[in-house]
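# Coordinate inspection notes
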Amino acid sequence: MERKAFIKTCGMACLSGAVLTALMEGCTSSKQVNGTISDSDMVVPVSAFQNGKDGHKKYVVVSNDKMKYPICVYRFSDTEYSALLMRCTHQGAELQVFGDRLECPAHGSEFTSKGIVQNGPADTNLRTFPVAIQNNQLYISLK
Ligand code: FES
């Protein structure tokens, strides 16, 4: 390959990588939410699930400095949510969200959006928390 063609190819590859990284960061950051802790509840505004004018995000990942693991909250409807501790039940690694499922980067366990084990080595479902809605806030009970 000639020098000029090589430089052009490398430049395009770098540009593509930078654009892709920026797009991916945009996707992930919009699903990260800081929850506030009130008594024994983690509180998240329902508006955290808004996506555009009329759309909704399928899930948000809620964090708080006092929590060792984040909580993944899936939205199924205006009134139905599931809140899952993102701690693998195998050996405690933090899970990653991939659409409708959570995966463990340590040994590959998989869980559904309701916290049910789909693939081992984990053999226990995820810890779930009751969710209540009041005044446009989600109250995730940490008791
Ligand atoms: S810690 Fe998650 S599969 Fe082992």
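Relevant structure appears above.
Residues numbered from 1 in each chain as written. Predicted model: local features only at pLDDT ≥ 70, side-chain atom pairs only at ≥ 80, totals over all residues. Heavy atoms only, no water.

### Observations regarding the pairing of strand β14 (residues 131-134)
In terms of strand pairing, β14 meets strand β15 (residues 137-141) through four bridges, oriented antiparallel. Directly across from I133, in β15, lies its bridge partner L138. The hairpin turn running from β14 into β15, its antiparallel successor, is two residues long, and N135 in that turn takes a positive phi close to 50°. (Pairing = 2+ DSSP bridges. Helix = DSSP H or I, 4+ residues; strand = E, 2+ residues; numbered from the N terminus.)

### Some remarks on the pattern of salt bridges
Proximity of charged atoms lets side chains of opposite charge pair with each other. Per the counting criterion, the structure on display carries five salt bridges. For K58, the salt bridge is made with D100, and the minimal N-O distance between the two is 3.4 Å. Of the two residues, K58 sits in the loop between β5 (55-56) and β6 (59-63) while D100 sits in the loop between β9 (96-98) and β10 (101-103), which places them 42 residues apart along the sequence. Classification of K58 by relative accessible area gives partly exposed; the value is 42%. Overall, the relative accessible area of 45% leaves D100 in the partly exposed class. Of the charged contacts, one joins K114 and E80 as a salt bridge, the two residues approaching to 2.9 Å between their closest N and O atoms. Remark: E80 occurs in the loop between β7 (71-75) and β8 (81-85) and K114 occurs in the loop between β11 (110-112) and β12 (117-119); sequence separation between them is 34 residues. According to the relative accessible area criterion, E80 is partly exposed, its value standing at 36%. (Salt bridge = Lys/Arg side-chain N within 4 Å of Asp/Glu carboxyl O. Buried < 20%, exposed > 50% of the residue type's maximum accessible area, 1.4 Å probe, protein only.)

### Regarding the pairing of strand β3 (residues 41-45)
Of all five residues making up β3, four are buried, and the element is well covered by its neighbours. Pairing of strand β2 (residues 36-38) with β3, which is carried by three bridges, proceeds in the antiparallel orientation. Bridge pairing in β3 places T36 opposite V43. Here β2 hands over to β3 after two residues, with D39 in that stretch at a positive phi of 55°. Strand direction decides the pairing type here: β3 and β15, joined by five bridges, are antiparallel. By the bridge assignment for β15, D41 is matched with S141.

### A word on the sheet that holds β15
Paired through their backbone hydrogen bonds, the strands of a sheet run either parallel or antiparallel. Read across the open sheet, the four strands follow the order β2-β3-β15-β14; overall the sheet is antiparallel. The open sheet has two free edges, formed respectively by β2 and β14, since each of these has just one partner strand. Looking at each pair of strands side by side, their axes are set apart by 35° on average, direction ignored. (Axes fitted to C-alpha atoms, helices over the stretch in contact; angles between N-to-C directions.)

### A few points about the packing of aromatic side chains
Summed over the entire model, instances satisfying the criterion amount to three aromatic pairs. Aromatic side chains Y59 and Y74 sit 5.6 Å apart centroid to centroid with 50° between the ring planes, which places their arrangement in the tilted category. Highlighted residues: Y59 in strand β6 and Y74 in strand β7, separated in sequence by 15 residues. Consider the rings of Y74 and F76, whose centres lie 6.4 Å apart with planes at 20°: the pair is stacked. Overall, the relative accessible area of 1% leaves Y74 in the buried class. (Phe/Tyr/Trp six-rings, centres within 6.5 Å; stacked < 30°, edge-to-face > 60°.)

### Some remarks on the sheet that holds β8
Spatial strand order, β1-β6-β7-β8-β13: five strands in an open sheet with mixed pairing. Among the strands making up the open sheet, the edge pair consists of β1 (32-34) and β13 (128-129). For β7 and β8, the ladder comprises five bridges, and the chain directions are antiparallel. Bridge pairing links C72 to L84 in β8.

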